[in-house]
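# A structural walkthrough
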Amino acid sequence: MATRETRLRVISLYKELHRLGRDYPDPAYNFHKKLRGLFEKNRNLSDPEEIEKAIKLGEYIRNETLALYSLRKYRHLKRMYPQDSFSDPLP
C-alpha cells in the first residue's frame with residue numbers, strides 16, 4: 001500500500017503532466033490518453049520499489065516534455081531573427 005506522501009507525489013505528477021500535455025506539439029500523439037493509460041496500468045502497484053520506479057519514469061517523461069517545449073521555443077526565436085542580421089557590421 002502506498003503511503004499518503006507517495007500518493008500526493010503521484011497525483012501532483014499526474015496534474016503537472018496533464019497541464020504539460022495541453023501544449024503538446026503533435027495532436028495526433030494523443031498525449032492525455034497515453035498519460036491516463038500509463039497511470040491506470042500502474043494503479044494497483046503495491047511494492048514501494050516498483051512505485052518509486054514508476055514515479056521516476058513519470059518524472060523522466062516530464063523532464064523530456066519540458067525539454068521539447070524549450071527546444072520548440074528556441075527554434076521559434078531562431079526563425080524570428082534572420083541569420084544575416086547578426087553578421088552585418090555596424091557603420
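Here goes a summary of the coordinates provided. Predicted model, so just to flag it, every value in this text is computed and none were measured.

Calculation notes
Residue numbers restart at each chain and count upward from 1, following the sequence in its written direction. Given that the model is predicted, a residue must reach a pLDDT of at least 70 before its local features are reported, and side-chain atom pairs must reach 80 or more before they are shown or counted; all residues, however, enter totals for whole chains, interfaces and linings. Each side-chain value is derived from all of the structure's non-hydrogen atoms; neither hydrogens nor water enter the calculation. A pocket here means an open set of points on a 1 Å grid, computed over the protein atoms alone, that has protein on both sides within 12 Å along at least five of seven lines. A cavity is instead a set of points where a 1.4 Å probe fits but cannot get out; residues with an atom within 4 Å of a point line either one. Grid points are joined across faces, edges and corners, and a volume is the space filled by probe spheres set on the points. Here a strand is any run of E in DSSP of at least two residues, a helix any run of H or I of at least four, and the numbering for each starts at the N terminus. Amino acid classes used here: Ala, Val, Leu, Ile, Met, Phe, Trp, Tyr, Cys and Pro are nonpolar; Asp, Glu, Lys and Arg are charged; the rest, including Gly, are polar. Think of it this way: a Phe, Tyr or Trp ring, Trp meaning its six-membered ring, pairs with another when their centres are within 6.5 Å, and the plane angle makes it stacked under 30 degrees, edge-to-face over 60, tilted otherwise. Lines are fitted to the C-alpha atoms to define the axes, a helix being fitted only along its stretch in contact, and any angle between axes, read from their N-to-C directions, falls within 0 to 180 degrees. Our angle categories are set so that under 35 degrees counts as roughly parallel, over 145 as roughly antiparallel, 65 to 115 as roughly perpendicular, and the remainder as oblique. In this scheme the handedness of a crossing depends on how the near helix is turned from the far one: anticlockwise by less than a right angle means left-handed, clockwise means right-handed. By the convention used here, residues are in contact when the closest approach between their heavy atoms is within 4.5 Å. To form a nonpolar core, buried Ala, Val, Leu, Ile, Met, Phe, Trp, Tyr and Cys residues must be joined to one another through side-chain atoms within 4.5 Å. The buried label applies to any residue whose accessible area, calculated with a 1.4 Å probe on protein chains only, is under 20% of its type's maximum; exposed applies above 50%, and partly exposed to all values in between.

So, on to the layout of surface pockets. It is the rolling of a water-molecule-sized probe over the atoms that shows where space remains empty. Looking at the largest pocket, its volume works out to about 780 Å³. In terms of lining residues, the largest pocket is bounded by 25 residues, among which Val10, Ile11, Phe39, Asn42 and Arg43 are the most central. Listed by contribution, the elements that provide at least two residues to the lining of the largest pocket are helix H1 (4–21), helix H2 (31–41) and helix H3 (48–80). For the lining of the largest pocket, the leading source of residues is H1, giving 7 residues. Looking at the lining of the largest pocket, its residues break down into 16 nonpolar, 5 polar and 4 charged. Roughly 180 Å³ of internal volume is contained in the second largest pocket.

Both the distance between ring centres and the angle between the ring planes are used here to describe each pair of aromatic rings. Under the counting rule described, the total for this entry stands at 3 aromatic pairs. An angle of 75° between the planes, with centres 4.9 Å apart, marks the rings of Tyr14 and Phe39 as edge-to-face. With Tyr14 in helix H1 and Phe39 in helix H2, this residue pair connects regions lying 25 residues apart in the sequence.

Bringing the packing of H1 against H3 into the picture now. Two numbers describe how H1 lies on H3: the axes approach to 10 Å, and their chain directions differ by 25°. Between H1 and H3, the angle falls in the class roughly parallel. Seen from above, H1 lies across H3 with left-handed handedness. Of the residues in H3, those in contact with Thr6, Arg9, Val10, Leu13, Glu16, Leu17, Leu20 and Gly21 of H1 are Ile51, Glu52, Ile55, Gly58, Glu59, Ile61, Arg62, Thr65, Leu66 and Tyr69. Its residues assigned to classes, the contact of H1 with H3 comprises 9 nonpolar, 4 polar and 5 charged.

Bringing the nonpolar core into the picture now. Counting 6 residues, the largest nonpolar core is built from Leu13, Leu17, Leu20, Phe31, Leu35 and Tyr69. Here this core gets 3 residues from one element, more than from any other, and that element is H1. With residues up to four places along the chain from it excluded, the contact list for Phe31 reads Leu17, Gly21, Tyr24 and Thr65.

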